[in-house]
Amino acid sequence: MHLTFTQKKVLLTTGCVLLVVCAPFWGMTVISPFSLLESGSPEAEVFWRLRLPRAVAAFLSGAGLGVSGMVFQAMFRNPLATPFTLGVSSGAAFGASVYFRFSAPLLLLGGAGSLGAALCGGLLSMLMVYLITRARGGFSTSVMLLAGVIINFFFSSLVAFVQFWSNANDSLRIMHWLMGSLAGLEIARLADLAFIIVAGALLIFRLSPELDLLTAGDELAASRGVAVRQAKVTLFIVASVMVGAVVSLGGPIGFVGMMTPHICRLWLGWAHRQLLPATFVLGGSFLTLCDLLARTALAPAEIPIGIITALIGAPFFLWTLFRANQKGELF
Amino acid sequence: MSAAIFCENLGFSFSGEPCLKTITFSLEKGAYLSIIGPNGAGKSTLLKIFLRLHGTGHARGLARVHGCPLASYSQRELARLIAYVPQAGDRLPPLTVAEFLQLSRYPYAFGAKGLSAEDREALDKALAHTDMTRLAARRLDTLSGGERQKAFLAAALAQGAGILLLDEPASSLDPKHAAEVSLLLKTLNREQGITMLTVTHDLNHPLDAGGQTLVLRRGEQIFFGPSDMLARGDILEAAFNHTFTFLRHPATGKTLVLADQP
């Protein structure tokens, strides 16, 4: 099937908008759009109070993970570079689980505490990866990826330790959250998330020429006038903050950050001015769809969304790997 | 008028290990400099200092571009003055020639605006000078080695810089394409007045191209001066620790150099 560029964009946008608009009406029970017109009906209440915020959160989380994945992939010129493989997610998870364990004395901070804790954890892991890479000299991609994997393991074991140290109640809470779920969503946090994701995406959009050049290699980018180190540090921080925000809300939801930018790149090409909006929309829609599945597949029980993304993501990961082997390189 | 490129006692060390020592030379605008020397002499490092691509190493001494210290330029300003053709063999971005050339206009675009008329003109000119216009829509990874090298050269030209740094531009090409690229460099130097700094392993290149030559060995400057002087023999002997035979080309009368059998 050969579609022009514009046709592809229109198709992608329509599909995603349709999905996102319809998603909140679906659920354990299907809500009729007409019932929204009657104010005070229980269905309208469920829709406005529960379904819609949740769909919005799913969309924003997916968009944020997709865009940050896109940034990491471009920066490291490797489709396997994701918020997970770089250790940012597990750092954020560690921050948040520490908060859950010790939240009692920190309650003054309210819900913003988990956001702050996850951000700190994410930035801490990022800093460690950065320092390890710098200590090995230069900004080598392989060293940075390896450092990410190491940090990822390190923080994962710290999370396990925090969990081990907690009482049964906290432990269960952490475990549920680690699977990735949007079930316990606080509406107040939605505004924070929206602000961070939208501002982050806009900032990264402004850096799309730099991303294009970084994809062509650090050396070439520098010779074309990109202040490579500065651009990379900015991109890394912005992307990590986005991941931290998503993780604090929905837990470490995997694979979205790897799959969506990759699919968009295969479909729409490399220019980040096109790629970023596409990844934003596709990432958001994908997670909205996964959340819909999570809510409905075994209703009234809810499957943690991270399990669904991982079930779809793992085969995709394998497919990427085999595709890479055929050509001998990943990009 | 100040020199296009000037360095005095320029040194460079990487984690305490010096790889360049006291390099001193000056190039006027429109000069043609060949940089030769054995492997590991610091040739590529010298180019990378002027691109500020030296990573965690430390540079010492003085390096000026158009009279101002290298450090006084932002990376973007520097890119408007100096363009770079990297060594072949790096991973290719999955772009068409035209898309690849557009990236070269980065130093002039502020923000994510489209191409200006000036940008388009520079791109068209770069394609025309390198005879790549007919291949503009092809993807880089479908080009032959020679075409690819010309695409990289076109991209560097599209940057609109007056100084071009080239890292072994012809080393991976067959003789025909290597000769084509060499001729192209000479033409660009002569007709466009572009200052060229070319790292090369082909000792006949400086003898053929003329201009000046910088000879390095283990980070030390052995010689800087007119390329004809290489025909004296002792310079190359000292640099490569090897003897050479010099011949006269029967048709052009230019000096040719051959490495002797050990």
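Quick caveat, the model's predicted, so the values are computed rather than measured.

## Some details on the overall build of chain B
Then, in step 1: Each helix and strand in chain B was counted, giving 8 helices and 12 strands.
Then, in step 2: Across its three principal directions, the C-alpha atoms of chain B cover 55 × 45 × 35 Å.
Then, in step 3: Buried residues in chain B amount to 47% of all 262 residues.
Then, in step 4: Within chain B, contacts between residues at least 6 apart in sequence are counted, and of these 64% link residues at least 24 apart.
Then, in step 5: Within the structure as shown, chain B displays about 11,900 Å² of accessible surface, and the carbon and sulfur contribution to it stands at 52%.
Then, in step 6: Seen as two clouds, the 27 positive and the 25 negative side-chain charges of chain B have centres 3 Å apart.

## Some words on the packing of aromatic side chains
Then, in step 1: Summed over the entire model, instances satisfying the criterion amount to 9 aromatic pairs over all chains.
Then, in step 2: On the basis of an interplanar angle of 40° and a centroid distance of 5.5 Å, the ring pair of Phe25(B) and Phe224(B) is categorised as tilted. A residue pair is termed long-range when its members are at least 10 positions apart, and Phe25(B) in strand 2 (residues 17-27) and Phe224(B) in strand 10 (residues 220-226) qualify at 199 residues.
Then, in step 3: An aromatic cluster of at least three residues, connected via ring pairs, comprises Phe72(A), Phe76(A) and Phe236(A).
Then, in step 4: Above the face of the Trp270(A) ring, Arg265(A) is positioned so that its terminal group lies 5.1 Å from the ring centre.

## Remarks on the interface of chain B and chain A
Then, in step 1: Residue-level contacts link 28 residues of chain B with 22 residues of chain A.
Then, in step 2: Taken together, chain B and chain A are joined by 1 salt bridge.
Then, in step 3: In this structure, the salt-bridge partner of Glu219(A) is Lys48(B), at a minimum N-O distance of 3.0 Å.
Then, in step 4: Broken down by secondary-structure element, the contributors of at least two residues to the side of chain B that touches chain A are helix 1 (43-51), helix 2 (75-81), strand 6 (82-85) and helix 5 (145-158) of chain B.
Then, in step 5: Among the residues making up the side of chain B that touches chain A, the classes are represented as 17 nonpolar, 6 polar and 5 charged.

## Here's the deal with the packing of helix 5 of chain B against helix 6 (residues 175-192) of chain B
All names here are of chain B.
Then, in step 1: In the contact formed by helix 5 and helix 6, the axes pass within 10 Å of each other and the chain directions differ by 15°. Classified by the angle between their axes, helix 5 and helix 6 sit roughly parallel to one another. Helix-helix and strand crossings are classified by hand; for helix 5 and helix 6 the assignment is right-handed. In this structure, helix 5 contributes Gly146, Lys150, Leu153 and Leu157 to the contact, and helix 6 contributes His177, Glu180, Val181, Leu184, Leu185 and Leu188.
Then, in step 2: Taken together, the residues that form the contact of helix 5 with helix 6 break down as 6 nonpolar, 2 polar and 2 charged.

## Quick word on a nonpolar patch on the surface
All names here are of chain A.
Then, in step 1: Together, Leu172, Met175, Met179, Ile307, Leu311 and Ile312 give the surface a local cluster of nonpolar side chains, amounting to about 510 Å² of exposed area.
Then, in step 2: Secondary structure elements with two or more residues in the nonpolar patch: helix 6 (168-178) and helix 13 (305-327).
Then, in step 3: Its place among the elements puts Met175 in helix 6.

## What about unusual backbone geometry?
All names here are of chain B.
Then, in step 1: Located in the positive-phi region is Glu168, a residue other than glycine, with phi close to 45°.
Then, in step 2: Along the chain, Glu168 turns up in the loop between strand 7 (163-167) and helix 6.
Then, in step 3: In this structure Glu168 comes out as buried when scored by relative accessible area, which is 11%.
Then, in step 4: Phi angles above zero are rare outside glycine, and Asn241 is one such case at about 55°.
Then, in step 5: Along the chain, Asn241 turns up in the loop between helix 8 (234-240) and strand 11 (244-248).

Basis of the calculations
- Residues numbered from 1 in each chain as written.
- Chains lettered and ligands numbered in written order.
- Predicted model: local features only at pLDDT ≥ 70, side-chain atom pairs only at ≥ 80, totals over all residues.
- Heavy atoms only, no water.
- Helix = DSSP H or I, 4+ residues; strand = E, 2+ residues; numbered from the N terminus.
- Buried < 20%, exposed > 50% of the residue type's maximum accessible area, 1.4 Å probe, protein only.
- Contact = heavy atoms within 4.5 Å.
- Areas by Shrake-Rupley, 256 points an atom, 1.4 Å probe, with all protein chains shown as cover.
- Lys, Arg positive; Asp, Glu negative; His and termini not counted.
- Charge placed at Lys NZ, Arg CZ, Asp CG, Glu CD.
- Phe/Tyr/Trp six-rings, centres within 6.5 Å; stacked < 30°, edge-to-face > 60°.
- Lys NZ or Arg CZ within 6 Å of the ring centre and 35° of its normal.
- Salt bridge = Lys/Arg side-chain N within 4 Å of Asp/Glu carboxyl O.
- Nonpolar A, V, L, I, M, F, W, Y, C, P; charged D, E, K, R; others polar.
- Axes fitted to C-alpha atoms, helices over the stretch in contact; angles between N-to-C directions.
- Parallel < 35°, antiparallel > 145°, perpendicular 65-115°, else oblique.
- Left-handed = near helix turned anticlockwise from the far one by under 90°.
- Patch = residues over 30% accessible without salt bridge, like charges linked within 9 Å, V, L, I, M, F, W, Y side chains within 5 Å.

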